[in-house]
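Close look at the chain arrangement
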2 protein chains.
Amino acid sequence: MFSKEMYELGAHSSVIREIFEYAKKRTEVVGKENIFDFSIGNPSVPAPEIVNETIKKLVDTVPSTELHGYTSAVGDNSVREAIAGYLNKTYGTSFRKENFYMTVGAAASLTITLTALHEEGDEVIILAPFFPEYRVFAEKAGMKPVIVLSDEKTLLPDFAAIENAITEHTKAVIINSPNNPSGVVLDEECVKTLSALLEKKQKEFGKPIFIISDEPYRELVYGNVKVPFMTKYYDNTIVCYSFSKSLSLPGERIGYILVPDEAASSGELFKAVCGAGRALGYVCAPALFQFVIKECLGKTSDISVYEKNRDLLIKTAERLGFSCAKPDGAFYLFMKSPEKDAAAFCEKAKKYELLFVPSDSFGFPGYVRIAYCVSTEMIEKAIPAFEKLAKEYF
Amino acid sequence: MFSKEMYELGAHSSVIREIFEYAKKRTEVVGKENIFDFSIGNPSVPAPEIVNETIKKLVDTVPSTELHGYTSAVGDNSVREAIAGYLNKTYGTSFRKENFYMTVGAAASLTITLTALHEEGDEVIILAPFFPEYRVFAEKAGMKPVIVLSDEKTLLPDFAAIENAITEHTKAVIINSPNNPSGVVLDEECVKTLSALLEKKQKEFGKPIFIISDEPYRELVYGNVKVPFMTKYYDNTIVCYSFSKSLSLPGERIGYILVPDEAASSGELFKAVCGAGRALGYVCAPALFQFVIKECLGKTSDISVYEKNRDLLIKTAERLGFSCAKPDGAFYLFMKSPEKDAAAFCEKAKKYELLFVPSDSFGFPGYVRIAYCVSTEMIEKAIPAFEKLAKEYF
């Protein structure tokens, strides 16, 4: 009567969503101030003021049919030009507007890219831990997801395991740095090693293997950490970007796909991206927000809040005996579960109203994800709960 | 290296897009005021003032993380409730918020619905003339499009032909009233006949056959014309709506899918819709515009401009000897080509800088689509060109 597969996807919400619902119910019982919900990756700091100022300016000055009208399917030319200019200035690249396809956020960037790349029998390598929807997107696009676990200690890619996983069917490797859920950033050495490995494998199989670089957290890094810009290291890179996290606009759905000239058959590949966007029903990216982000390139929300939260959380966790992955970016702390079963650990944490996401849903057992895109005050109030939880183990 | 199918879709833009590009080039040669471009279905009247007023009010009063944050995947509850309430008041229905899934416009509504319904071997009946992307969306969702020509004289459904086309594989029939490209509206008698036919066929094959009612032009009707609300006539109706045309917001991508309780396995079907939205990468409909349309339900742009344009065009066309389909709604006049080959007729029209879309791309030969979502002034200036064109034939 209808698609069983789609029904299953719609009926079984993610673990994160389940915890979200639990939090809502529990809030009714004990009150919002007594729940320490670290489960959701929803930006907690407002969009920078320039966002709302730009919205009002555009509404007051641009004719309605122009502001709210269709843009080209690829996006408005002046917007694409501005993005190219901003990236070139920031990363020393030489993109042109023709390299950019504006999208309805990172998820759309990924489904369109995977659909554009897909040929019969394709496999896509996903490095665990990973954002759970990667699997859903890959399967819907007709690709077989091949999960490769990262190094258990560093949570960086396990290059030997990746090499073993690559076959003649490998179309692409998805990378996500800074990583959701681990917060780990791939440094330059790591990026170079991965690029060299893929170059070697491309030669071996005589075909391109793409890196799909999912970068919604690109600007969310702390201290002196730098995120290497992937297209500078590996030609067959397709960048999937979203302004959701950097500008705290997750509900507005605005991002882009970048197909650099260096990619194999770049022009045709870009057309395949256009075709996939068309076939999936993405007519154009939301017009107003295309024009908004054009005025906000290089700006971010006040990410110092996240850095403060990260520092406070990691100090607390380590003081109490927990160990964590190197939390260089995004807004997640990936904390090792002190017992083998992370889900059981999360259940114990619930006794103290601490809500974490067990890492199994990210394809990597033995950890919990602690989203610190919350108020610093909440973390401060949660410290006694962390202390009680630690006492159960150490 | 990438999907050939998607490449083809991206590389071969639609006929409408080609005419659009021709218009741009021609404008450079003869000047904008001398080109009479009737090719594009882009609203020409501004959004009602309440749209921009609401945007500014929301931006000034709602906290940023709430206004621009993720909504539920199905859409914000208060928005869905408001839509249910508006429809119930207007059409005497009894929808609840649970019947609505907010989408990124009508194209997304259609791709999600088709993907949700799809089972191996499915066919979907498309009534010609039709919006060309229906075929693209159906094929991408895995459904075989079965094209059924409408009655040549009335451009209303040819019920005998539909009956012949229905097989055990028929999953759905897409209807679009008011119609793009013909402007024809299905009246109550027509809707009742179609419903009775499908009821009969459902019994015969012992399975539901859905009507997918694509309704972006629902409010764009003229004179005393009424558009029957489909769910009141046929239980297995899924409504795909968009605010693009009624509120002149085509670039903002906001609409919904309505799965009424009366539809077969309504609850499960709704979950399949959720699953399809998820798998295609639609995380949520743009948040700001969800809240905007909540305040604008029942409002429309100034459609009296379209009515005036329609009246002027049809008067001119008929005076000169052309004949047209009954233009009750949308903003298209479907004019019979005075020679068999509508494309040849369009080429002749180009000599007088008149740009029409030949109807072949809508799956129905022998007509041209004249989009009258233009300024009345342009139509007035185009009349001498219409007169010269007519002289070549009559």
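Relevant structure appears above.
Notes on the structure in this doc start here. (Residues numbered from 1 in each chain as written. Chains lettered and ligands numbered in written order. Predicted model: local features only at pLDDT ≥ 70, side-chain atom pairs only at ≥ 80, totals over all residues. Heavy atoms only, no water.)

What follows concerns the nonpolar core. Judged by nonpolar contacts, the single largest core of 106 residues is most densely connected at A:Ile112, A:Leu117, B:Ile112 and B:Leu117. With eight residues, helix H10 (residues 266–280) of chain B is the largest single contributor of residues to this core. Non-local contacts of B:Ile112, meaning those with residues more than four positions away in its chain, are made with B:Tyr101, B:Thr103, B:Ile257, B:Val273, B:Ala276, B:Gly277, B:Leu280 and B:Tyr282. The next biggest cluster of nonpolar side chains, apart from the first, holds 66 residues, and it includes A:Ala84, A:Phe291, A:Leu297 and B:Cys296. (Core = buried A, V, L, I, M, F, W, Y, C linked by side-chain atoms within 4.5 Å. Buried < 20%, exposed > 50% of the residue type's maximum accessible area, 1.4 Å probe, protein only. Helix = DSSP H or I, 4+ residues; strand = E, 2+ residues; numbered from the N terminus. Contact = heavy atoms within 4.5 Å.)

Let us look at the interface of chain A and chain B. Facing the 72 residues of chain A at the interface are 72 residues of chain B. For the chain A and chain B pair, buried surface summed over both sides reaches about 6000 Å², with 60% attributable to carbon and sulfur atoms. In terms of surface lost to chain B, no three residues of chain A exceed A:Met1, A:Tyr70 and A:Arg278, which account for 14% of the buried area on that side. Between the two partners, chain A and chain B, sit four salt bridges. Salt-bridge contacts for A:Glu133 lead to B:Arg278; the nearest nitrogen and oxygen are separated by 2.7 Å. Between chain A and chain B we count 36 residue pairs in polar contact (both at pLDDT 80 or more) in total. Mapped onto the side of chain A that touches chain B, the elements with two or more residues apiece are helix H1 (4–11), helix H3 (49–61), helix H4 (64–67), helix H6 (106–117), helix H7 (133–140), helix H10 (266–279) and helix H11 (287–294) of chain A. Counting residues per element, the side of chain A that touches chain B draws most heavily on H10(A), which supplies nine residues. A breakdown of the residues in the side of chain A that touches chain B according to their chemical character gives 41 nonpolar, 19 polar and twelve charged. (Buried area = accessible area lost by both parts, 1.4 Å probe. Salt bridge = Lys/Arg side-chain N within 4 Å of Asp/Glu carboxyl O. Polar contact = N/O pair within 3.5 Å; in protein donor to acceptor, adjacent residues only side chain to side chain. Nonpolar A, V, L, I, M, F, W, Y, C, P; charged D, E, K, R; others polar.)

All right, on to the side chain of A:Asp76 then. All names here are of chain A. Note on placement: Asp76 falls in the loop between H4 and helix H5 (77–91). We note that Asp76 is buried and unpaired, the nearest opposite charge coming from Lys294 at a distance of 5.3 Å. Once residues lying within four places of it in the same chain are set aside, the contact partners of Asp76 are Thr71, Gln290 and Phe291. (Lys, Arg positive; Asp, Glu negative; His and termini not counted.)

This part is about unusual backbone geometry. Most peptide bonds are trans, and most residues other than glycine sit at a negative phi. Of note, the bond from A:Asn180 into A:Pro181 is cis; its omega dihedral lies within 30 degrees of zero at 20 degrees. Within the secondary structure, A:Pro181 sits in the loop between strand E5 (170–175) and helix H9 (188–205). A cis amide bond links B:Ser177 to the next residue, B:Pro178, at an omega of -5 degrees. Looking at where B:Pro178 falls in the secondary structure, it is placed in the loop between strand E5 (170–175) and helix H9 (188–205). Of note, the phi angle at A:Arg253 is positive, near 60 degrees, even though the residue is not glycine. Structurally, A:Arg253 can be placed in the loop between strand E7 (237–242) and strand E8 (255–258). Of note in the backbone geometry, A:Ser265 takes a positive phi value of approximately 45 degrees without being a glycine. You can see A:Ser265 is positioned in the loop between E8 and H10. You can call A:Ser265 partly exposed: its relative accessible area is 32%.

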